[in-house]
Each structure stands twice: as structure tokens, then as C-alpha cells.
Amino acid sequence: VQLQASGGGLVQAGDSLRLSCAASGRTFSTYAMGWFRQAPGKEREFVARINRSGGATYYGDSVKGRFTISRDNAKSTLYLQMSSLKPEDTAVYYCAADPTYISGNYHSPGRYAYWGQGTQVTVSS
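So, here's what we can say about the structure.

Reading the values: rules and limits
- Residues numbered from 1 in each chain as written.
- Predicted model: local features only at pLDDT ≥ 70, side-chain atom pairs only at ≥ 80, totals over all residues.
- Heavy atoms only, no water.
- Helix = DSSP H or I, 4+ residues; strand = E, 2+ residues; numbered from the N terminus.
- Rg over C-alpha atoms; globule rule 2.2 N^0.38 Å.
- Buried < 20%, exposed > 50% of the residue type's maximum accessible area, 1.4 Å probe, protein only.
- Contact = heavy atoms within 4.5 Å.
- Areas by Shrake-Rupley, 256 points an atom, 1.4 Å probe, with all protein chains shown as cover.
- Disulfide = S-S within 2.5 Å.

Before going further, it helps to examine the overall build of the chain. Within the chain one finds 0 helices and 11 strands. Secondary structure elements of the chain, listed N to C terminal, follow the sequence β-β-β-β-β-β-β-β-β-β-β. Whereas a compact globule of 125 residues would reach a radius of gyration of roughly 14 Å, the chain reaches 13 Å, a difference of no more than 12%. For the chain, the C-alpha atoms occupy an extent of roughly 40 × 25 × 25 Å along the three principal directions. Per-residue burial over the chain gives 42% buried out of 125 residues. Sequence separation of 24 or more characterises 57% of the internal contacts of the chain that already satisfy a separation of 6 or more. Carbon and sulfur atoms make up 48% of the accessible area of the chain, which amounts to about 6,100 Å² in all.

Rendered as C-alpha cells:
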């Protein structure tokens, strides 16, 4: 599967932004999907994950209650709705696909076999 993230930009603290990740190739609904982010000089951080049907979601502690992950399998697209953005949310955001059916360890980048190219989100104070 090929992944293309988009929707990043420069916003002010408190603003909202929606990221999209368009998938092509193998059937999108066969993958659990995740969002990660990486700020300069920091490790890649788990943001959110959604299961194949969209019925189960998981969030990193730093974004819980502010971000919402969703997917539209008919459009082969993953979304990340970000609200109440903070300067510490500034990072490159990556979408990723997990082809496995193994439970647990969702936070690890190693679980995800396919990655998009990333989209920059910058939040000014």
C-alpha cells in the first residue's frame, strides 16, 4: 500500500487542523492504521491508532481528548482531526499501516510496515 499524507500547515495555538492520508494499492480496509509524529531531535511518537472497521481507537496520552482519528474505507482515506492545538504539537506527522492481526504494542513504530511521507504541522504561540 502507498500512503500520502496531507493537510499540514502553520496554525496558531488553540486552532484546529485536519490531516488526511490517502491510500492506494492493496485494499485499505485490510490495514489497521496509525498516526505518528516526530519533532526535531526527538523520537517518533505514537499519536493514534484505528482498527480496520473504525470501531476501535487508541490515543497517546499527550493528545487524548484533543485529537480524533477516523477512517473512510470507501474513500481509502485516514483522517486526524486535531483541536486545541499547542506549540508542543509541532512536528512532522506520519500515517502508517499495520498489516498484522497481532494485538498489543500499538505504540511501537515497528508494528507498522508502511509509512507515508509526512506532513509538517507547526503551531505558533
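This part is about the state of the cysteines. Counted under the stated rule, the structure contains 1 disulfide. Shown here is the disulfide that connects Cys21 with Cys95, its sulfur atoms set 2.1 Å apart. Judged by the torsion about the S-S bond (65°), the Cys21/Cys95 disulfide is right-handed. Here the residue Cys21 occupies a position in strand β3 (residues 17-24), and Cys95 occupies one in strand β9 (residues 91-98), the gap between them amounting to 74 residues.

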